[in-house]
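Chains, contacts and geometry: an overview
Read off the chains here:
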Amino acid sequence: MESDLTEPSATELAEVMRAALMHARWDPGGDPAVAVDVLSALVEGVCGPVDSVAVGQTVFDSEALGTVYLFCASVNKVLDRNHPAWPPAHRGLSIAEHLAFVQPLLPGFHRRQQEVLRLLDREFPADN
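A short tour of the structure in this document, coming up. Worth saying up front: this structure is predicted, and the values here are computed from it rather than measured.

With respect to the helices and strands, the residue Arg 18 is situated in helix H1 (residues 10–23). Since its relative accessible area comes to 10%, Arg 18 is described here as buried. Linking Arg 18 and Leu 117, residues 99 residues apart in sequence, is a C-alpha distance of 6.7 Å. When neighbours within four sequence positions are excluded, Arg 18 is seen to be in contact with Leu 117, Leu 120, Asp 121, Phe 124, Pro 125 and Ala 126. Engagement of the side chain of Arg 18 in a polar contact is seen with the side chain of Asp 121, the distance being 2.8 Å.

Each full turn of the α-helix corresponds to 3.6 residues, which orients residues three or four apart in the same direction. For H1, spanning 14 residues, the distance from its first C-alpha to its last is 20 Å, which sits close to the expected 20 Å at 1.5 Å a residue. Its buried side turned inward, H1 meets helix H2 (32–47), helix H3 (53–60), helix H4 (63–79) and helix H7 (106–123).

As a further point, take the packing of H4 against H7. Running from N to C, H4 and H7 cross one another at 160 degrees; their axes reach a closest spacing of 8 Å. Classified by the angle between their axes, H4 and H7 sit roughly antiparallel to one another. Judged by the sense of rotation from one axis to the other, the crossing of H4 with H7 is left-handed. For the pair H4 and H7, the contacting residues are Glu 63, Ala 64, Leu 65, Thr 67, Val 68, Phe 71, Val 75 and Val 78 in the first and Phe 109, Arg 112, Gln 113, Val 116, Leu 119, Leu 120 and Glu 123 in the second.

Cut-off values and rules
Residues numbered from 1 in each chain as written. Predicted model: local features only at pLDDT ≥ 70, side-chain atom pairs only at ≥ 80, totals over all residues. Heavy atoms only, no water. Helix = DSSP H or I, 4+ residues; strand = E, 2+ residues; numbered from the N terminus. Buried < 20%, exposed > 50% of the residue type's maximum accessible area, 1.4 Å probe, protein only. Contact = heavy atoms within 4.5 Å. Polar contact = N/O pair within 3.5 Å; in protein donor to acceptor, adjacent residues only side chain to side chain. Expected span 1.5 Å × (residues − 1). Axes fitted to C-alpha atoms, helices over the stretch in contact; angles between N-to-C directions. Parallel < 35°, antiparallel > 145°, perpendicular 65-115°, else oblique. Left-handed = near helix turned anticlockwise from the far one by under 90°.

Okay, structure coming up:
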């Protein structure tokens, strides 16, 4: 991204999101704790740069960028045991209980991660 004084362009945001999606390698049938760690880093890599209304507008002016952002936001909602969307009883689950809840959702997250990466590649082809 350019300097701190300018907001990133859609192309720059696409590069950041693509890098985060490609770096987030995990096995949907593997250890759910590892998957949660990798997916949490993915969420931070995609959602972290969207730190202003202007950047949010850029994200949601693009179908691909908006879709990637919403995918990561929905993953965050599931992974964060203390997310306000969870009922109070769920927020009290142990880590092991929470991972048992998350584990069946991982194959769908993995498939969707690949789908949003393909959508991003169609709208913002990589410079390879």
